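Notes for the structure review
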Amino acid sequence: MSNVIEREIVAAVDLCRPDGTLNPAAIGWSRKPLLRTRLPRGLGAWGRNKRWEYWGITTPTHVVALTVSSLDYAAVHQVWVLDRVRRTAIDEVAIVPFAAGVELPESLGDGPTRARGRRLSIAIDADERGAVLAARTPRIAVDLRIDRPPGHECLAVVVPWSARRYQYTVKDLALPASGRLVIDGEAITVPAGDSWAVLDHGRGRWPYAMTWNWGAGFGRIAGQIIGLQVGGKWTDGTGSTENALFVAGRAHKIGEELVWDYDRREFTAPWRIRGERADLSFEPYYERAARTDLGLLFNETHQCFGRWTGWAADDRGQRVRVDGLEGWAEEVRNRW
């Protein structure tokens, strides 16, 4: 475990310079998405630009994940739905060469997100008030409204591996969700007050090989909306972390590299994530395991869904219990 000193950014700034190198003034974190993230094309970096929007939504009966991404040389889009009662999942993935047809805003909130593959389509329209999500596959229809309450804060972080390799990530947690799913012809209500959404927005220039951990928790405890955001491996040694506690919409930044302890031979065994400002346990009930090996493009994902217990400390040092928060914890290994 090690603490890092991170600068809070409070005004808009460019992520990178015109030559594509990281702007030093962008290194830090913010409570709202302030960075302008236009990534210049070419300049010897083709294939390193990675852009995506990921939305994860948990309802009392289902988990929904929508991904729209461009890796320069390919787009990878996904509509995934888990039936929490039956423990069955429907997975539709589209890999589109050269990211043809994908539409992603240069900066968060600048415009619509669109993706289309042979068997799926995704449309995302987001602004400061929330987002409208729509997705279609032969078996699934998703129509959701995500609300962003006034004053709601997120965690936006720049992770600097080097002057030419860096990532801007926005994790926006515990957003109220509502709407409808249709699965194999059956209409399912996504009830307001019991359904939650998480946004993972990413823009950056990545090394070819990388491993990360990501954990998210969200829900209502004793009448307060609580969010939990933790990450590891990919930020280690960079001087940045993506750890935070959210209480009633306010972000409490956790500026330390947390220790992740889990069994790679059995991902559904309990996980533990700990540090000076957090001692967390995660109990999975379902593992989404996926592996793609296309030579140049390789991905191995173990995303476990379950519940959190333990505590994290707010900015005053007060320990906030997270017992019963829904969410996930994952390990992802990429060559891309």
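Look a little higher up for the structure.
Residues numbered from 1 in each chain as written. Predicted model: local features only at pLDDT ≥ 70, side-chain atom pairs only at ≥ 80, totals over all residues. Heavy atoms only, no water.

1. Some details on the environment of Ser-69
The test is simple: Each helix is a run of H or I in the DSSP string that is no shorter than four residues. Each strand is a run of E no shorter than two, and both are numbered from the N terminus. We call a residue buried when its accessible area falls under 20% of the maximum for its residue type, exposed when it is over 50%, and partly exposed in between, using a 1.4 Å probe and counting protein chains only. Contact between two residues is taken to exist if any of their heavy atoms lie within 4.5 Å; hydrogens are not considered. Pairs of N or O atoms are called polar contacts if they sit within 3.5 Å, as long as, within protein, a hydrogen donor faces a hydrogen acceptor (for residues adjacent in sequence, only side-chain-to-side-chain pairs).
Looking at where Ser-69 falls in the secondary structure, it is placed in strand S6 (residues 62-70). Since its relative accessible area comes to 6%, Ser-69 is described here as buried. In this structure the C-alpha to C-alpha distance between Ser-69 and Thr-238, which are 169 residues apart in sequence, comes to 24 Å. Setting aside residues up to four positions removed in sequence, Ser-69 forms contacts with Arg-51, Trp-52, Ala-75, Val-76, His-77, Val-102 and Leu-104. Looking at Ser-69, its side chain comes within polar contact range of the main-chain oxygen of Val-76, at 2.5 Å.

2. So, the pairing of strand S16 (residues 196-205)
Here is the rule: Pairing between strands is defined by DSSP: at least two bridges between them are needed.
For S16, the tally of buried residues reaches 10 of 10 residues, placing the bulk of the element in the interior. Residues Trp-196, Val-198, Asp-200, Gly-202 and Gly-204 point to one face of S16 and Ala-197, Leu-199, His-201, Arg-203 and Arg-205 to the other, with burial holding for every one of them. Strand direction decides the pairing type here: strand S5 (residues 49-58) and S16, joined by 10 bridges, are antiparallel. By the bridge assignment, Arg-51 is partnered in S16 with Arg-203. One ladder, built from nine bridges, connects strand S14 (residues 166-183) with S16; its direction is antiparallel.

3. Structural notes on the packing of aromatic side chains
In plain terms, the rule: Only rings of Phe, Tyr and Trp enter the pairing, Trp through its six-membered ring, and a pair is recorded when the two centres are within 6.5 Å. The plane angle decides the type: under 30 degrees is stacked, over 60 is edge-to-face, the rest tilted. Two thresholds decide whether a charge sits over a ring: the Lys NZ or Arg CZ must be within 6 Å of the ring centre and within 35 degrees of the ring normal.
Taken as a whole, this structure holds 21 aromatic pairs when the rule is applied. Within the aromatic cluster, the residues linked to one another by ring pairs are Tyr-54, Trp-80, Trp-214, Phe-218, Tyr-286, Phe-305 and Trp-328. We note Lys-171 situated over the ring of Trp-214; from NZ or CZ to the ring centre the distance is 5.1 Å. Positioned over the ring face of Trp-311 is Arg-319, at 3.9 Å from the centre of the ring.

4. Section: the pattern of salt bridges
Note on pairing: side chains with opposite charge can pair once their charged atoms come close. Which entries qualify depends on this criterion: Any Lys or Arg side-chain nitrogen located within 4 Å of an Asp or Glu carboxyl oxygen qualifies as a salt bridge.
Scanning all chains against the criterion turns up 26 salt bridges. Put simply, Arg-136 and Asp-143 hold a salt bridge, and the shortest N to O gap is 3.0 Å. Its relative accessible area of 36% is what places Arg-136 among the partly exposed residues. On the accessibility criterion, Asp-143 (33% relative accessible area) is partly exposed. A salt bridge links Glu-331 to Arg-264; its shortest N-O distance comes to 2.8 Å. Taken together, the residues span a long stretch of sequence, with Glu-331 in strand S27 (residues 325-335) and Arg-264 in the loop between strand S22 (259-261) and strand S23 (271-275) at a distance of 67 residues.

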